[in-house]
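# Coordinate inspection notes
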Amino acid sequence: MPVPENIPENIRADCKMLRDEINRHNCRYYVLDDPQITDQAYDQLLRRLQRLETQYPEQVSSDSPTQRVGAAPATHFESVRHEMPMLSLDNAFDEAEMMAFEKRLNDKLSKESTSLPYTAEPKLDGLAVSLLYEQGLLIQAATRGDGKNGENITANARTLGSIPLRLQTERIPARIEVRGEVYMDHAGFRALNERQLENGGKEFANPRNAAAGSLRLLDSRITAKRPLTFCSYGIGVIEGDYLDDSHYDRMMFLQSLGFPISPYIERVSGIDACIDYYRAILQKRDELAFEIDGVVFKLDNLQQQAIAGTVSRAPRWAIAYKFPAQEVMTKLLDVDFQVGRTGTLTPVARLEPVAVGGVMVSNATLHNMDEIQRKDIRIGDMVIVRRAGDVIPEVVSTVVDKRVQDSALPEMPRRCPVCDSSVTQQEGQAAYRCTGGLVCAAQRKEAIKHFASRKAMDVEGLGDKLVEQMVEQKMIDSIGDLYHLEMVELAALDRMAEKSAQNLIDALEKSKQTTLARFIYALGIREVGETTAESLANHFKSIESLQEAEIDHLQAVDDVGPVVAENVRLFFQQPENREIVGGLIGQGIHWPSIEDKRNNSELSLVGNTYVITGMLEGLGRDEAAALLKARGARVSSSVSAKTTAVIAGEKPGSKVSKAATLGVPILDQIAFQALLG
Ligand code: I6G
């Protein structure tokens, strides 16, 4: 290609350098999961390249990282014929079906129950796409469609940072088709749905629908804003390069070309090891950042794959061992209303019991009345219930086609189902509240549970069931009564041995030594979380000053806006609350004075802020945070220039690279121990 004369050599070199640099960081982020620079630094590189390309439009090439913003809307998607059909996978739902799979393979390979080698990886719940590269350049992306013909979604695929526009290594096949899954992780899905609601759009029912909908938008500029990720799982067409005979090695080859592969990919030997792998991934399922619906096993040896062959639309050499479904249909029997700590009434669906994701579910949240109306959910309907990640089960939608005639819209009760106080709705808010305050047993129970919880007063052994029993049996009425509890009363409770009663008394005694921040948090003031409680404690330094604080003074505190300030003022305006606080202190709850902290070598970290990342040996992250806080430090979840140091255990995340970029010191476990003395 002739080089236009008017572009100085140094500009061309700068553009190339920036493109290479950006592509290298893309690879570190998406492929190696080990970013080296902050998002801001990455954006700066991209903006520098954009400025140069605006000035010298001849420098813009289709594989430039600036070209991921999307193009003008299309009118339709063209149909694409897959050179090699995109097959589907056979499923197994239990161990017997896995055994049958292995037997079929052994028969085909004329083997007598030997341990065949497999490649195992989780099955992402997204949608399959094919990416075609010629001479290292992405020339076409297509959906799976019916397996023979898909839709050309090249413009949309180009907007995903995890899809290389140009392959990065020397050993590039002349032509290669990479197949994989496009998905949306939990965090991206939640953020997208929030944005959809804010903009008056429709929520997506699950991450899979959100990914499919986003990838099939005619306007790729919108796709560019959707949190989609690609992860490869195999090779389709390939020309002009020698490939290994092992599927696992081929996946490593794809990684070396710049394609993300599953971080959980493993080689396993024999069906028993496959089943162990399945169980291990099933256990991890709720902790993963994205949804998976099973595990895929593939014969690792390509020659064996060829012998096993393909039946109808699925290869005989692969199987998806599916997890129990996380979305199921069941009947909505009734709607009850649960009263929370601050009096909010949450509609709760009572369901015909059903197994969701391997767990029996008979209750699910309906969030609030606006949600019920928006989703048009009625008692008697068949509804879709979903349980994913560590979130509580929820009713996602109703199945209108199955609606019976006498189905009824749930109604918000006018009086609290627990204490019969009136129920009100504040203007502009979706929530309805019981006005009973501490008169309401439900609010009292929740307030006590919160007070005793780990991040508040941390009363070991005082669990939810016990609190409920004690309130129901009128042993306690409020948090003020907890420290009056006596052995004899406790030992008389159901399933409470004398030893456990004594342990609880000891735990209550131990909890009296606390921090002002924990105490403020434990009081359960509306919208005062841990961080706000800490800011209030550091600012006011005593509960007395906090009690007397005026709105203006409260608003001068970090993290405190008008709503929180008003909540704090209202809380301390109530004579009963002041009485309870006074009573608790009278019973011996105490904390080190914040003034003292600066002089006390035990509390020597006042004014410092730490971020903890990775795994510390023999110490949970919460415990490490507690040790720092006990010495007066603040613990934050994000690194900024104001962070004193990052404490990095094993397998730290991107926080370490961010700290390095910002020049924030990084302490390993030994340095951390030294810091604590
Ligand atoms: O749909 C699929 C998801 C994941 C697959 C697949 C896969 O491997 C991890 N592998 C094959 C061979 C096919 N579909 C056809």
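Described below are features of the structure shown in this document. In this numbering scheme, every chain counts its residues from 1 along its sequence in written order. Given that this is a predicted model, residues contribute local features only at a pLDDT of at least 70 and side-chain atom pairs are listed and counted only at 80 or more, while totals for whole chains, interfaces and linings are drawn from all residues. Excluding hydrogens and water, the side-chain values take into account all heavy atoms of the structure.

### Structural notes on the pattern of salt bridges
Pairing between side chains becomes possible if they bear opposite charge and their charged atoms approach one another. Salt-bridge detection follows one rule: a side-chain nitrogen of Lys or Arg within 4 Å of a carboxyl oxygen of Asp or Glu. The final tally for this structure, using the stated rule, is 40 salt bridges. When the shortest N-O distance is used, the salt bridge between Arg-175 and Glu-83 registers 2.5 Å. A residue pair is termed long-range when its members are at least 10 positions apart, and Arg-175 in strand E7 (residues 175-184) and Glu-83 in the loop between strand E1 (79-81) and strand E2 (91-92) qualify at 92 residues. We call a residue buried when its accessible area falls under 20% of the maximum for its residue type, exposed when it is over 50%, and partly exposed in between, using a 1.4 Å probe and counting protein chains only. Judged by its relative accessible area of 15%, Arg-175 falls in the buried class. In this structure, a network of salt bridges that share partners links the residues Glu-83, Glu-134, Arg-175 and Glu-239. Secondary structure elements follow DSSP: runs of H or I no shorter than four residues count as helices, runs of E no shorter than two count as strands, and numbering proceeds from the N terminus.

### With respect to empty space enclosed by the protein
Once rolled over the atoms, a probe with the size of a water molecule shows which space is left empty. Put plainly, a pocket is an open set of points on a 1 Å grid over the protein atoms alone with protein on both sides within 12 Å along at least five of seven lines, a cavity is a set where a 1.4 Å probe fits but cannot get out, and a lining residue has an atom within 4 Å of a point. Grid points are joined across faces, edges and corners, and a volume is the space filled by probe spheres set on the points. Tallying each qualifying case throughout the model produces two cavities of 30 Å³ or more. The space that makes up the largest cavity amounts to roughly 130 Å³. Considering the residues around the largest cavity, the lining is formed by 15 residues, among which Asn-23, Asn-26, Cys-27, Pro-164 and Gly-258 are closest to the centre. Sorting elements by how many residues they give to the lining of the largest cavity places helix H1 (residues 9-31) first, with five residues. The residue inventory of the lining of the largest cavity, partitioned by class, reads seven nonpolar, six polar and two charged. Here the second largest cavity is characterised by a volume of approximately 50 Å³. What lines the second largest cavity is Asp-90, Phe-101, Arg-104, Leu-105, Lys-108, Pro-315, Arg-316 and Ala-318. At four residues, the largest contribution of residues to the lining of the second largest cavity is made by helix H3 (residues 95-108). Residues that form the lining of the second largest cavity fall into these classes: four nonpolar, no polar and four charged. Lys, Arg, Asp and Glu make up the charged group, whereas Ala, Val, Leu, Ile, Met, Phe, Trp, Tyr, Cys and Pro make up the nonpolar group; the residues left over, Gly among them, are polar.

### What to know about the site of the ligand
What makes a residue near a molecule or strand is one non-hydrogen atom of that residue sitting within 4 Å of it. Near the ligand, the surroundings consist of Leu-87, Ser-88, Leu-89, Glu-121, Glu-181, Tyr-233, Val-296, Lys-298 and Trp-317. Each residue belonging to the shell around the ligand can be placed in one class, and the counts come to five nonpolar, one polar and three charged.

### Here we look at the sheet that holds strand E5 (residues 137-143)
Strand pairing is assigned whenever DSSP detects at least two bridges linking the two strands. The antiparallel open sheet is built from four strands, whose spatial order is E5-E4-E7-E8. Single-partner strands in this sheet number two, and they are E5 and strand E8 (228-239). Geometrically, the sheet is characterised by an average inter-axis angle of 25° between neighbouring strands, direction not taken into account. By the bridge criterion, six bridges tie strand E4 (residues 127-134) to E5 in an arrangement that is antiparallel. Within E5, the position partnered with Tyr-133 by the bridge is Leu-138. Here an axis means a line fitted to C-alpha atoms, over the contact stretch when the element is a helix, while the angle between two N-to-C directions is reported on a 0 to 180 degree scale.

### Description of the sheet that holds strand E13 (residues 318-322)
If you walk across this open sheet you meet the five strands as E2-E13-E10-E3-E9, and the pairing is mixed. Of all strands in the sheet, those with a lone pairing partner are E2 and strand E9 (266-269), marking the two edges. When strand E3 (residues 117-124) meets E9, the two strands line up antiparallel, connected through four bridges. Its bridge partner being in E9, Tyr-118 is matched across the sheet by Val-268. Every residue pair with non-hydrogen atoms within 4.5 Å of one another is taken to be in contact. Sitting on the sheet, helix H8 (residues 247-257) touches E3, E9 and strand E10 (292-299), and the angle it makes with E9 is about 175°. Those strands touched by helix H9 (residues 271-284) are E3, E9, E10 and E13, and its axis lies near 160° from that of E10.

### Here's the deal with unusual backbone geometry
Even without a glycine there, the phi angle at Gln-135 is positive, about 50°. Phi at His-367 is positive, roughly 70°, even though this residue is not glycine. Secondary-structure assignment places His-367 in the loop between strand E16 (359-365) and helix H11 (369-375). The partly exposed category is assigned to His-367, whose relative accessible area is 35%.

### Overview of the layout of surface pockets
Reported here for the second largest pocket is a volume of approximately 1,600 Å³. Along its surface, the second largest pocket is lined by 49 residues, and Arg-518, Asp-622, Ala-625, Ala-626 and Lys-629 are the ones closest to its centre. Contributing elements (two or more residues each) for the lining of the second largest pocket: helix H15 (498-511), helix H16 (516-522), helix H17 (530-540), helix H22 (594-597), helix H23 (621-630) and strand E22 (634-636). Per-element accounting of the lining of the second largest pocket gives the leading share, eight residues, to H23. Grouping the amino acids of the lining of the second largest pocket by side-chain chemistry returns 20 nonpolar, twelve polar and 17 charged.

### Quick word on the packing of aromatic side chains
Side-chain rings of Phe, Tyr and Trp, where Trp is taken by its six-membered ring, are said to pair if the distance between their centres is within 6.5 Å; with planes under 30 degrees apart they count as stacked, over 60 as edge-to-face, and otherwise as tilted. Counted by the stated rule, this structure contains ten aromatic pairs. Plain terms: the ring middles of Tyr-278 and Tyr-321 are 3.6 Å apart, the flat faces sit at 15° to each other, and that makes the pair stacked. Taken together, the positions of Tyr-278 in helix H9 and Tyr-321 in strand E13 put the pair 43 residues apart, joining distant regions of the chain. The class for Tyr-321 is buried, based on a relative accessible area of 4%. Among the aromatic side chains, those forming a connected cluster through ring pairs are Tyr-278, Tyr-321 and Phe-323.

### Describing the pairing of E4
Within E4, seven of the eight residues are buried, which leaves the element mostly enclosed by the surrounding structure. Here eight bridges tie E4 to E7, and the two strands are oriented antiparallel to one another. In the strand pairing of E7, Leu-132 is matched with Glu-177. Between E4 and E5, which pair antiparallel one after the other, the connecting turn spans two residues, and Gln-135 there sits at a positive phi close to 50°.

So yeah, pure geometry; function would need other evidence.
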